[in-house]
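Now for the letters of each chain:
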Amino acid sequence: MSLPFTYILKTHPRAKHMSIRISRTGVVSVTKPKKISIDLAEAFIVKKKDWIIEKLAYVKTLPQPVPKMTRAEYVQLKERAYEIVEKRVKHFNQFYNFSYKNISIKNQKTRWGSCSSQKNLNFNCKIALLDEELVDYIVVHELCHLGQMNHSSKFWSLVAQTIPEYKKHHVALRKKGLGLS
Ligand SMILES: [Zn+2]
């Protein structure tokens, strides 16, 4: 029987049962115990095919890991991010009037932005790939930490003064796989 997906079949000496793993990128790996024949393993996969197809459709809807950037791409992205962020920080700080030291762009793995207790604002270089309204929310979020170094209701009301729809943007950013601090 032909299946609408390919899979990797592995034998594990200590496996007690058949198991199927589907990675975030859609790779199907099946592990069988030593005592189970390949024929039996294949019959098992056929039996589970609807479940696998369903899972594959699901992982397709997840944010996919970004392929590694080359050095040149990173430098270019970093420059663009800095240009965008600096402009927006200045724009929103006409309203807030906080004092800050430096704006830096980093290749952070887990965060869109952060604000240090030394009043430095850090942003992820991938901010350059986001929609303007999301960039504005990240900028305002970090800027407001200069006034409130926490996520208290006071902090959120500061954010809401310029980004009333901040909740929607916060959720959208989480869906893209990175958080804010
Ligand atoms: Zn925060």
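Provided above is the structure to which this section pertains.
Residues numbered from 1 in each chain as written. Predicted model: local features only at pLDDT ≥ 70, side-chain atom pairs only at ≥ 80, totals over all residues. Heavy atoms only, no water.

S.K.: Explain the coordination of the zinc ion here, please?
M.R.: Around a metal, the perfect tetrahedron of four donors has angles of 109.5 degrees, and the perfect octahedron of six donors has angles of 90 or 180 degrees. Looking at the zinc ion, one finds its protein donor set to be H141 (NE2), H145 (NE2) and H151 (NE2), positioned 2.0 Å from the metal centre. Each donor residue of the zinc ion lies on the same chain, and together they follow the pattern H-x3-H-x5-H. We classify H141 as buried; its relative accessible area is 1%. (Donors = N, O, S within 2.8 Å, 3.2 Å for Na, K, Ca; no water. Buried < 20%, exposed > 50% of the residue type's maximum accessible area, 1.4 Å probe, protein only.)

S.K.: It is not clear to me how the side chain of S29 should be interpreted in this structure. Could you clarify?
M.R.: In this structure, S29 sits in strand β3 (residues 28-33). Accessibility expressed as a relative area gives 14% for S29, which makes it buried. Not counting residues up to four positions away in its chain, the partners in contact with S29 are I8, K10, S19, I20 and R21. (Helix = DSSP H or I, 4+ residues; strand = E, 2+ residues; numbered from the N terminus. Contact = heavy atoms within 4.5 Å.)

S.K.: How should I be thinking about the sheet that holds β3 in this particular structure?
M.R.: In sheet architecture, strand pairing relies on hydrogen bonds along the backbone and comes in two forms, parallel and antiparallel. Read across the open sheet, the three strands follow the order β1-β3-β2; overall the sheet is mixed. The two strands at the open ends of the sheet, each matched to only one other strand, are β1 (7-12) and β2 (19-22). Sheet twist, expressed as the average angle between the axes of neighbouring strands with direction ignored, equals 20°. In this structure, β2 lies alongside β3, joined through four bridges in antiparallel fashion. Along β3, the bridge assignment pairs I22 with V28. Helix α1 (residues 38-47) contacts β1, β2 and β3 of the sheet and is inclined by roughly 130° relative to β1. Contacts from helix α2 (residues 49-60) reach β2 and β3 within the one sheet, and its direction differs from that of β2 by about 20°. (Pairing = 2+ DSSP bridges. Axes fitted to C-alpha atoms, helices over the stretch in contact; angles between N-to-C directions.)

S.K.: Looking at this structure, how should I read unusual backbone geometry?
M.R.: For residues other than glycine, phi is negative in most cases, and the peptide bonds are mostly trans. Despite not being glycine, N97 has its phi angle at roughly 60°, a positive value. Secondary-structure assignment places N97 in the loop between α3 (71-96) and β4 (103-106).

S.K.: When you look at the packing of aromatic side chains in this model, what are you seeing that I'm missing?
M.R.: For any pair of aromatic rings, geometry is given as the distance between the ring centres together with the angle between the planes. Under the criterion given, the structure shown has five aromatic pairs. Seen in terms of ring centroids, F155 and W156 are 4.9 Å apart; in terms of plane orientation they differ by 75°. Their pairing is edge-to-face. Each member of the pair, F155 as well as W156, carries the same accessibility label: buried. Relative to Y166, the ring of W156 lies with its centre 5.0 Å away and its plane at 10°, an arrangement referred to as stacked. Of the two residues, W156 sits in helix α5 (residues 153-162) while Y166 sits in helix α6 (residues 166-175), which places them ten residues apart along the sequence. Note on accessibility: W156 and Y166 belong to one class, buried. In this structure an aromatic cluster arises from ring pairing among F95, Y96 and F98. (Phe/Tyr/Trp six-rings, centres within 6.5 Å; stacked < 30°, edge-to-face > 60°.)

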